[in-house]
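Inside the fold
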Amino acid sequence: MSYVAPAIKEKFETLSVDLKNVILDRNVELYTIHDLIKVLDEIVEEADKEAQHM
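Keep in mind that this is a model prediction, so the values were computed, not measured. (Residues numbered from 1 in each chain as written. Predicted model: local features only at pLDDT ≥ 70, side-chain atom pairs only at ≥ 80, totals over all residues. Heavy atoms only, no water.)

Moving on to the nonpolar core. By size, the foremost hydrophobic cluster in this structure holds 10 residues: Val 4, Ile 8, Phe 12, Leu 15, Ile 23, Val 28, Leu 30, Leu 36, Val 39 and Ile 43. Elements with a minimum of two residues in this core: helix H1 (6–13) and helix H3 (33–52). A per-element tally of this core places H3 first, with three residues. Those residues in contact with Ile 8 that sit more than four places away from it in its chain are Leu 30, Tyr 31, Thr 32, Ile 33 and Leu 36. (Core = buried A, V, L, I, M, F, W, Y, C linked by side-chain atoms within 4.5 Å. Buried < 20%, exposed > 50% of the residue type's maximum accessible area, 1.4 Å probe, protein only. Helix = DSSP H or I, 4+ residues; strand = E, 2+ residues; numbered from the N terminus. Contact = heavy atoms within 4.5 Å.)

In structure tokens form, the structure reads like this:
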């Protein structure tokens, strides 16, 4: 189960519903903005890899 710390909840809530769902489905623990950025970077990298295989 994913966790979003109160300290970054406001930033997390600015994301689209779809993106929030993708993040939460990863079962991550987000305590800092850096944790959130890391997960977003991973999502972008995965999307880039998928796009290259098409």
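Right, let's talk about the pattern of salt bridges for a bit. Charged atoms that come close allow side chains of opposite charge to pair. Under the criterion given, the structure shown has three salt bridges. Residues Glu 13 and Lys 20 are paired through a salt bridge, measuring 2.9 Å at the closest nitrogen-oxygen approach. A relative accessible area of 13% means that Lys 20 is categorised as buried. For the salt bridge of Glu 46 with Arg 26, the shortest nitrogen-to-oxygen distance reads 2.5 Å. Here the residue Glu 46 occupies a position in helix H3, and Arg 26 occupies one in the loop between helix H2 (17–24) and strand E2 (29–30), the gap between them amounting to 20 residues. Residue class for Glu 46 comes out partly exposed when judged on its relative accessible area of 37%. The exposure class assigned to Arg 26 is partly exposed, which follows from its relative accessible area of 26%. One network of salt bridges, in which partners are shared, links Arg 26, Glu 42 and Glu 46. (Salt bridge = Lys/Arg side-chain N within 4 Å of Asp/Glu carboxyl O.)

Right, let's get into the packing of aromatic side chains. Scanning all chains against the criterion turns up one aromatic pair. Centroid distance Tyr 3 to Tyr 31: 5.3 Å. Interplanar angle 45°. Geometry classified as tilted. Of this pair, Tyr 3 sits in strand E1 (residues 3–4) while Tyr 31 sits in the loop between E2 and H3, and the two are 28 residues apart along the sequence. (Phe/Tyr/Trp six-rings, centres within 6.5 Å; stacked < 30°, edge-to-face > 60°.)

Spatial relationships are all this shows, so hold off on functional conclusions.
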